[in-house]
Amino acid sequence: MKCHRLNEVLELLQPYWSKDPDLHLLQILQKIADEAGFDKPLAELTDEVLIYQLKMDGTDKNAPIPGIKKDYEDDFKTALLKARGIIK
């Protein structure tokens with residue numbers, strides 16, 4: 001894990017962990033994995049899954065994913081016209 005990713009994980013982990021301060025680090029990581037629906041061994045939990053799950057903590061399940069939200073359109077026809085470059 002690169003230094004900037006480690007800093008990001010630590011920054012995101014602090015408020016999450018403060019909700020359950022009595023848990024150990026591995027218990028916190030297992031809780032995050034369970035919330036993400038990650039059913040493999042904890043050793044296989046990637047930093048991408050961890051970061052995504054921490055970023056999405058407390059958000060509406062049905063809300064658009066933040067990275068995709070910039071391209072999100074309520075109207076399918078408008079989305080198609082934008083994708084084809086017909087409208088901006």
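Higher on the page you've got the structure.
Source: prediction; values computed, not measured.

Caption draft 1: Up close: the overall build of the protein chain. Across its full length, the protein chain carries 5 helices and 0 strands. Overall, the protein chain shows an N-to-C arrangement of helices and strands of α-α-α-α-α. Relative to its full complement of 88 residues, the protein chain shows a buried share of 18%. Relative to all contacts within the protein chain whose residues are 6 or more apart in sequence, the contacts with residues 24 or more apart total 29%. Accessible surface, the protein chain as shown: approximately 7100 Å² in total, 56% of it carbon and sulfur.

Caption draft 2: Layout of the side chain of aspartate 47. Counting through the fold element by element, aspartate 47 comes out in helix H3 (residues 47-56). Within the local environment of aspartate 47, its side chain forms a polar contact with the side chain of arginine 5, the two groups lying 2.6 Å apart.

Caption draft 3: Seen up close, the packing of helix H2 (residues 25-36) against H3. Direction vectors running N to C along H2 and H3 enclose 80°, while the axes themselves pass 10 Å from each other. The orientation of H2 with respect to H3, classified from their angle, is roughly perpendicular. Where H2 approaches H3, its residues Leu29, Ile32, Glu35 and Ala36 are matched on the opposing element by Val49, Leu50, Gln53 and Leu54. Looking at the contact of H2 with H3 residue by residue, the classes come out as 6 nonpolar, 1 polar and 1 charged.

What counts and how
- Residues numbered from 1 in each chain as written.
- Predicted model: local features only at pLDDT ≥ 70, side-chain atom pairs only at ≥ 80, totals over all residues.
- Heavy atoms only, no water.
- Helix = DSSP H or I, 4+ residues; strand = E, 2+ residues; numbered from the N terminus.
- Buried < 20%, exposed > 50% of the residue type's maximum accessible area, 1.4 Å probe, protein only.
- Contact = heavy atoms within 4.5 Å.
- Areas by Shrake-Rupley, 256 points an atom, 1.4 Å probe, with all protein chains shown as cover.
- Polar contact = N/O pair within 3.5 Å; in protein donor to acceptor, adjacent residues only side chain to side chain.
- Axes fitted to C-alpha atoms, helices over the stretch in contact; angles between N-to-C directions.
- Parallel < 35°, antiparallel > 145°, perpendicular 65-115°, else oblique.
- Nonpolar A, V, L, I, M, F, W, Y, C, P; charged D, E, K, R; others polar.

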